[in-house]
Amino acid sequence: MRRRKISNAIIVINAGSSSIKFSLFADETRQLELFLKGQIEGLRTDNAHFIARHPAGDVVGERHWTGPEAGAFDHDAATRFLMAFINTHLEGHVVEAVGHRIVHGGGDFTAPAALNAAALDRLATLVPLAPLHQAHNLAPARSILATTPGLFQVGCFDTAFHATQPPLAQAFALPAEITDRGVRRYGFHGLSYEYIASQLPTLGLGDAKVIVAHLGNGASLCAMDHGRSMASTMGFTAVEGLPMGTRSGTLDPGVLLYLMDEMHMGPRDLEKLLYQRSGLLGVSGISSDMRTLETSGEPRARLAVDLFTYRIGREIGSLAAAMGGLDALVFTAGIGENSAGVRAAVCGHAAWLGLEMDDGANAHPQPGAHRLSTPSSRVSAWIVPTDEELMIARHTRRLLTGATP
Ligand code: AMP
């Protein structure tokens, strides 16, 4: 009797403060192929919502929870629900591993790593370095460890890609007794940058000096030389650098001293201000969402967008200096891939570097990676859609099979 071939699947989990996203990749022909994705949003609110779709967009499962039932829905309960759902929608596959996105790996985790109880405990000590993300990233892994201890789990870190930065790019000008505690610049969005780096050779940019602009709700820039991170706008925490949806980005540290002395703000007040009340939302007073700001006629909305693109322009100059030149600028993530207005303004700020945008290509980008600059532009500009989930699935499979990168 012929036995039916059973193929393997890898689950990728990306947990945020109020949502958990999952993707399911089939690992059949040594090609990882997405076959199901979904998310639960509104955890611990009065309105939680789950939806799962095939890549073509058709809905495979959907559910709402309201009132106290939704309020009791935390990361553990949501993970158990998702795993039960996935197990009944495997379409003949067998789950071989779960890969998790984890924002901070600190100084110890500079490459993807197997997650057991000891690793999760070590990663939990980094919660103060990423107060908005780390604990939530770890929660589903703990939940799966409790329910399915034999399932192989892998942590993939947003800091890891930046481990190649030269020591000077990682340093703060602080006394050794502080820097010796690990107070240094780490950099984030590393899974997105690593995916983009994997695409650069296909664009003829494998050995180029490239600045990648990851512009989403979180936003940062990364200077890459030969596909390796040389510097980034984010540092010790994911609040440094560019203004973001709700995060301030870089501030004069004297502002914090002023707020503590004159407005009697404590650490938690400052955390809320810097992470949740600033950036596009704080400046506009309207929204953290770029689509809303771009269609608003309010001058404060315009100011927020202008400040965002101005700061990106200044940081491009800084990162080009850190690399000693620039060959290409790549836009990615929600704003970078979709906002022609932001891309045009940023490229305008980079014109002095020799970047000449093709307005038609910018206004009507093609699907997939796409060039935005004129053929004669000295510095080229591109959209490259990012895929952090695929990057996590690749790492997870590599650890599972023991293959070298
Ligand atoms: P991300 O965090 O990568 O999902 O990106 C979220 C950001 O992308 C939000 O500020 C959205 O407003 C923005 N975004 C998504 N689609 C568009 C669009 N078509 N035009 C402008 N901004 C967009």
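This one's a predicted model, so the numbers in the text were calculated from it and none came from an experiment.

Q: Quick rundown of the sheet that holds strand E8 (residues 152-157)? Include the residues and the values.
A: Here eight strands make up an open sheet; going across it, the order is E5-E4-E3-E2-E1-E6-E8-E7 and the pairing mixed. Looking at strand neighbours, the two that pair on one side only are strand E5 (59-66) and strand E7 (113-114), the edges of this open sheet. Where strand E2 (residues 19-27) meets strand E3 (residues 32-41), nine bridges bridge the pair, whose relative direction is antiparallel. Counterpart to Lys21 in the pairing with E3 is Gln39. Relative to the sheet, helix H2 (residues 75-87) contacts strand E1 (7-15), E2, E3, strand E4 (47-53), E5 and strand E6 (93-102), its axis offset from that of E2 by approximately 30°.

Q: Account for the site of the ligand, naming residues and giving values.
A: Close to the ligand lie Gly216, Asn217, Ser288, Asp289, Met290, Arg291, Glu294, Ala333, Gly334, Ile335, Asn338 and Ser339, which account for all nearby residues. A distance of 2.4 Å separates an oxygen atom of the ligand from a polar side-chain atom of Asp289. Between the ligand and Met290, the relevant distance is 3.0 Å, taken from an oxygen atom to a main-chain nitrogen or oxygen of the residue. Across the complex, the protein chains shield 72% of the 500 Å² of accessible surface that the ligand would expose by itself.

Q: An account of the layout of surface pockets is requested, with residue identities and associated values reported.
A: Of the voids in this model, the largest pocket is the one considered here, and its volume is about 1800 Å³. Together, 50 residues line the largest pocket, and Lys21, Arg101, Gly216, Asn217 and Gly218 are the ones closest to its centre. Where the lining of the largest pocket is concerned, the elements lending two or more residues are E1, E2, E3, E4, helix H9 (267-276), helix H11 (290-295), helix H13 (333-338) and helix H16 (388-401). For the lining of the largest pocket, the element with the most residues is H13, which contributes five residues. Here the lining of the largest pocket is composed, by residue class, of 13 nonpolar, 24 polar and 13 charged. Taken together, 22 residues make up the lining of the second largest pocket; nearest its centre are Thr237, Val239, Pro253, Leu256 and Leu274.

Q: I'd like to hear about empty space enclosed by the protein, residue by residue, with values.
A: According to the stated counting rule, one finds one cavity of 30 Å³ or more in the structure shown. A volume near 40 Å³ is recorded for the largest cavity. Around the largest cavity sit Leu129, Ala130, Leu132, His133, Phe188, Thr237, Ala238 and Tyr275, which together line it. Among the residues forming the lining of the largest cavity, the class breakdown is six nonpolar, two polar and no charged.

Q: Which residues make up unusual backbone geometry, and what are the values?
A: The phi angle at His189 is positive, at roughly 60°, despite the residue not being glycine. Along the polypeptide, His189 turns up in the loop between helix H6 (176-179) and helix H7 (190-199). Its relative accessible area of 8% is what places His189 among the buried residues. Positive phi, close to 55°, is recorded for His226, a residue that is not glycine. If you trace the backbone, His226 turns up in the loop between strand E10 (219-225) and strand E11 (228-232).

Q: Give a description of the side chain of Gln165 that names residues and reports values.
A: Mapped onto the secondary structure, Gln165 falls in the loop between E8 and helix H5 (167-170). Among the polar contacts made by the side chain of Gln165, one reaches the side chain of Ser229 at a distance of 3.1 Å. Other than its neighbours up to four places away in sequence, Gln165 contacts Gln170, Ser229, Met230, Ala231 and Ser232.

Q: Explain the UniProt feature "binding site: Mg(2+)" (unreviewed entry) in the protein chain residue by residue, including any values.
A: Listed under "binding site: Mg(2+)" (unreviewed entry) in the UniProt record, and renumbered for this structure, are Asn14 and Glu388. Considering the C-alpha atoms alone, the annotated residues occupy 375 residues of sequence yet fold into one spot, their largest mutual distance being 9.4 Å. Considering only the residues just annotated, the largest pocket is lined by Asn14 and Glu388. Within the secondary structure, Asn14 is located in strand E1. Assessed through its relative accessible area of 13%, Asn14 is described here as buried. Not counting residues within four places of it along the chain, the set of residues in contact with Asn14 comprises Ser19, Ile20, Lys21, Arg101 and Glu389.

Q: Explain the sheet that holds E10 to me, using residue names and the numbers behind them.
A: Here we have six strands laid out as an open sheet, ordered E11-E10-E9-E12-E14-E13, and mixed in their pairing. Each edge of the open sheet carries a strand with a single partner, namely E11 and strand E13 (370-371). With two bridges joining them, E13 and strand E14 (residues 380-383) adopt antiparallel strand pairing. From the neighbouring strand, Arg371 faces E14, where its bridge partner is Trp382. Those strands touched by H7 are strand E9 (209-215), E10 and strand E12 (328-332), and its axis lies near 40° from that of E10.

Q: Requested: an account of the pairing of E9, with residues and values cited.
A: Judged by how many residues are buried, E9 sits mostly within the fold: six of seven residues are covered. As judged from the seven bridges shared by E9 and E10, these two strands associate in the antiparallel manner. Counted as the bridge partner of Leu215 is Ala219 from E10. Hairpin connection, E9 to E10: the antiparallel pair is bridged by three residues. Note: E9 against E12, five bridges, orientation parallel. Across the sheet, Ile211 pairs through a bridge with Leu329, a residue of E12.

Calculation notes
- Residues numbered from 1 in each chain as written.
- Predicted model: local features only at pLDDT ≥ 70, side-chain atom pairs only at ≥ 80, totals over all residues.
- Heavy atoms only, no water.
- Pairing = 2+ DSSP bridges.
- Helix = DSSP H or I, 4+ residues; strand = E, 2+ residues; numbered from the N terminus.
- Contact = heavy atoms within 4.5 Å.
- Axes fitted to C-alpha atoms, helices over the stretch in contact; angles between N-to-C directions.
- Near = heavy atom within 4 Å.
- Polar contact = N/O pair within 3.5 Å; in protein donor to acceptor, adjacent residues only side chain to side chain.
- Areas by Shrake-Rupley, 256 points an atom, 1.4 Å probe, with all protein chains shown as cover.
- 1 Å grid on protein atoms, 1.4 Å probe; cavity = no way out; pocket = protein on both sides within 12 Å on 5 of 7 lines; lining within 4 Å.
- Points joined across faces, edges and corners; volume = space filled by probe spheres on them.
- Nonpolar A, V, L, I, M, F, W, Y, C, P; charged D, E, K, R; others polar.
- Buried < 20%, exposed > 50% of the residue type's maximum accessible area, 1.4 Å probe, protein only.
- UniProt positions renumbered as here; feature names shortened; annotations may be inferred.

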